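Residue-level listing of the chains:
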Amino acid sequence: MADAIRIDSLKKSFRLGFIPKTREILKGISLSVREGEIFGYLGPNGAGKTTTIKCLLGLIFPDAGTIEVFGQSHLSARARQSLGFLPENPYFYDYLTAAEFLAFTADLFGLDRPERDERIARLLKLVGLERAASLRLRKFSRGMLQRVGLAQALINDPKLVILDEPLGGMDPLGRKEIRDIILRFKDEGKTVFFTSHILQDIEMICDHVAIVVGGRVVKQGPLQDLVSERVLFTEVTVLGVAPEAFRGLGEGVSARGDRVFLRILEETRVEEVLALVRERRGRVVSLSPRTETLEDIFVETVTGK
Amino acid sequence: MKRVWAIAGITFKEAKRDRILYLLFFFAALAIIASRVLAILTVGDRVKIIKDVGLASIQVFGVLMAVLIGTSLVYKEIDKKTIFTLLSKPLRRAEFILGKFLGLALTLLVMTAGMSLIFLAVVYLHTFRIEWTMLIAIAYIVLEVLLITAVAILFSSFSTPILSSIFSLAFYLIGHLSWGLEVLIKKMKAGAGRAAAQALYTFLPDLENFNFKTEVVHGLPIPAGIYLSSFLYGVFYTAFILGLAILIFRRRDFI
Amino acid sequence: MERRPAAARGSATFLLVLILLGTCASFMALKTRTDTIVRKKVPGSSIIYIPSGKFLRYATFGYSSLAADLIYLWAIQYYSTPTIDDRFDHLDHVFSIINELDPRYQDPYEVGAMIAVDGAREVVSAVPDLSRGRGRAEYARSLFQAAFAILDRGAANNPDQWIYLFDAGHIAMMSLKDFDLAEKYFGQCMKIPGAPDFTRRLYANALYKRGDLETSWRTWLDIYNTAPDERTKRIASNHLYQVKSAIDTGRLKEAVGKFRERYHRLPGELADLVRAGLVDKLPKDLDGGDYVYDPETGDVKAATSPWKR
């Protein structure tokens, strides 16, 4: 499969301030996104995530390095035609209605009338805004702006969708909707490249992940490779057995009401605990092995380096 | 080209919602109508005052509209970050600048047409004739205003609205004081200094080339050659300014 | 596969720079061409709407002094442009504005008057006729009036300055030969502390030229008596001679006239007048000499010129 995005040794410095002081933001970013996958781009604040995206979109001109979109220069018209972009905290022309704004965006792609109108209707339905079509954008809530932003990113039916913090500021229901939409993109064969702080969401939907720290990609690879199946500890909730019985067996024993919560580090001990509970005629309410999550990797990567 | 029109369209929609436009239009109309009252005070030719005030109002308020709206046009897009989604589309940066210019030009044309209508009406009330020659002066005022629009957009693409307004008005002032430099050059001794001053004089804008108010009001003949000369001057200078704006805008990083 | 490397971007920039240079060259060429096209100017159109100085003073927001400087600078250029035929029409108006904006700005008063006098001279002899129907003499006269108006303002606004009255007297005396006016100006001028001594002499001379011989004599006498040096004494003495001669010959001529009325003939010699009882005794000139009488014409005059004594 071809690469949707290929970034090689991207470097960018900025000269800021009255007495110009050069700050190197991107120190050599290299990554590749395969066509048809969902790629998560993470990093702490100030690592250069948004700068990378702006370079990709031609809003910023890199000092060094190459960027290719579907094998072509990222600045070419063909590349632009095949991508859609939703910025963080989107803000659009507040004097236009949602429909007018989408029509304007469609005009920029040179779509003709009937196709344009059909797409607008379809997209508004997709993002759940069909009743707000003639409402001026000034009256939109943040969540609604996010949705219309998503719609404008899709107006040209792009092969590559780039989203900067698409899940930020949305309520859990909204987040689920967006996640579902992104998964649907994958089904349609689209490539999705997005940044997010919310690691659970990334874990839920991404195929591939890159962690950028201090302007460099420090970890990159398929999600499963990064996150091992290793069990960190097991959490057991028990009913009907006194907490003292478990002394010496597990670490972290706590009780609330008649429930006892145990955190067991060694897997072998779990069997012992279960045997004990059966012996005392207690009941195991829940048993969940906690594996390494993306958050653990993330924190380790960012602070460890 | 379709993309340029798309930008022009939303710019027009945005500009015509700006209250400043209507405020200035109101004052222009007020000035034109008040000139009728002023005319009563004068002794002799009354229409002259009406024509002078009217044409001056259309020019001054036209320039103010161009500057006040033009200087925030590009700046707002950058400040509000609407430009990010815009430039990520297959829209060339040159097309963006041209679209903005076209949109504002259209808006100003509509406003000038409105002011001209009121002006011609007031003149008609006095002379019971539609003074078509006024349109010659107004046409070249429009050309001047369009040039100032381009200048405002140029500064708006890299500076804040307040500074841009000052620079644009400075351009307007310099454009009308070109004759001063000419007088100075005549008194200079021939040499490198004079040659440099001469080059500067030819390069700096001469907005008096668009000033036909005196001829039109006094009914003086206008030499035929100057129509085309001034028109082309306006076109080329505007193109130059827009080219400069595009050149600067193309290199810009949007942090 | 379409590739658009950085080179393509570079070529677009190059094209853009070419366009910039092209349009720049075009408009510069057009400007040079447009400059050569002559546009009709309405006479005086450049300054028709300059309001009065009083109004301008408020309009210039406290920069009235600077405004005066700028308008004066403009005026100098304007009046030294010989191709503007009608530039003298509003001379007083223009300089009144400068004067009202900055009454203590000295140069414009003198220079304004100078331009006016120069203009009057030019207007009388210029080809073509600059007066445009008003008549050369009338136009010149109006310019002299302008000169006096400017200088009067200067004197009124600067009572400590003697130069304006002096200039005015000078114009009256030399250009207009209006000795009445000259006497008035010199008389006022000499009262101002710091006025040069010779102002008084000019005053006395103006009196003489005007015909007020008594006052002239008294003034010259005073000058003679208070003369600080030999030269002044000599000048005063010469003028006293002149005035006395005028007074004496005047009286004698009057007597000759009366003699003629009575006896229907001219007297043979001046002594006849004494014998006829018309004169008590024959006056002598300042040096003690006799006056010369011509029996053919009846003319009486001094023996020498006052300056050849």
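Residues numbered from 1 in each chain as written. Chains lettered and ligands numbered in written order. Predicted model: local features only at pLDDT ≥ 70, side-chain atom pairs only at ≥ 80, totals over all residues.

Caption draft 1: Structural view of the overall build of chain B. When helices and strands are tallied, chain B shows 11 helices and zero strands. In summary, chain B has a C-alpha radius of gyration of 20 Å against a globular reference of 18 Å for 255 residues, a match within 12%. For chain B, the C-alpha atoms occupy an extent of roughly 65 × 55 × 30 Å along the three principal directions. Residues classed as buried in chain B amount to 45% of the 255 residues present. Restricting the contact set of chain B to residue pairs at least 6 apart, pairs at least 24 apart contribute 81%. (Helix = DSSP H or I, 4+ residues; strand = E, 2+ residues; numbered from the N terminus. Rg over C-alpha atoms; globule rule 2.2 N^0.38 Å. Buried ≥ 20, exposed ≤ 12 C-beta atoms within 10 Å, placed from the backbone. Contact = placed C-beta atoms within 7 Å.)

Caption draft 2: How the structure looks around the pairing of strand S8 (residues 191–195) of chain A. Residue and element names in this part refer to chain A. With five of five residues buried, S8 is to be regarded as a mostly interior element. Burial along S8 is two-sided: Thr191, Phe193 and Thr195 facing one way and Val192 and Phe194 facing the other are all buried. Sheet topology note: the strand S3 (residues 38–42)/S8 ladder contains four bridges and is parallel. Each residue of the ladder has a partner; that of Tyr41, found in S8, is Thr195. The pairing of strand S7 (residues 160–164) with S8 spans five bridges and is parallel. (Pairing = 2+ DSSP bridges.)

Caption draft 3: Inspection of the confidence of the model for chain C at higher detail. Residues and elements named next belong to chain C. Scored by pLDDT, chain C comes out at a mean of 85, with 90% of its residues at no less than 70. Across chain C, the element-wise mean pLDDT spans from 66 in helix H2 (residues 53–59) up to 93 in helix H7 (residues 163–176). The complex model carries a pTM of 0.74, and its ipTM stands at 0.83. (pLDDT = per-residue confidence, 0-100.)

Caption draft 4: A look at the packing of helix H8 (residues 179–189) of chain C against helix H9 (residues 198–210) of chain C. Residues and elements named next belong to chain C. Orientation of H8 relative to H9, taken along the N-to-C sense of each, is 155°, at an axis distance of 8 Å. By the angle between their axes, H8 is roughly antiparallel relative to H9. Judged by the twist between their axes, the crossing of H8 over H9 is left-handed. Of H9, the residues touching H8 (which contributes Phe179, Asp180, Ala182, Glu183, Phe186, Gly187 and Cys189) are Thr199, Leu202, Tyr203, Ala206, Leu207, Lys209 and Arg210. (Axes fitted to C-alpha atoms, helices over the stretch in contact; angles between N-to-C directions. Parallel < 35°, antiparallel > 145°, perpendicular 65-115°, else oblique. Left-handed = near helix turned anticlockwise from the far one by under 90°.)

Caption draft 5: Spotlight on the environment of Glu110 of chain C. Residues and elements named next belong to chain C. Assignment of secondary structure puts Glu110 in helix H5 (residues 106–125). Spatially, the C-alpha atoms of Glu110 and Ala182 are 17 Å apart, while their sequence positions differ by 72 residues. Discounting chain neighbours no more than four positions away, the residues touching Glu110 are Ile163 and Asp167.

Caption draft 6: Looking closely at the interface of chain A and chain B. Listed as interface residues are 23 residues of chain A and, on the opposing side, 20 residues of chain B. Elements that contribute at least two residues to the side of chain A that touches chain B include exactly helix H1 (49–57), helix H2 (77–81) and helix H3 (98–108) of chain A. Residues that form the side of chain A that touches chain B fall into these classes: 16 nonpolar, four polar and three charged. (Nonpolar A, V, L, I, M, F, W, Y, C, P; charged D, E, K, R; others polar.)

Caption draft 7: Structural detail: the domain arrangement of chain C. Here the domain parsing of chain C yields domain 1 (49–158) and domain 2 (212–309). Centre-to-centre separation of domain 1 of chain C and domain 2 of chain C, based on C-alpha positions: 46 Å. (Domains from an automatic or database assignment.)

Caption draft 8: Structural view of helix H4 (residues 91–101) of chain C. Across the 11 residues of H4 of chain C, nine count as buried, placing the element largely inside the fold. Leu91, Asp92, Val94, Phe95, Ser96, Ile97, Ile98, Asn99 and Leu101 of chain C are the residues of H4 of chain C that are buried.

Caption draft 9: Spatial organisation of the interface of chain C and chain B. Each partner contributes to the interface: chain C provides 20 residues, whereas chain B provides 25 residues. Ranked by residues supplied to the side of chain C that touches chain B, first place goes to helix H1 (residues 6–36) of chain C with 13 residues.

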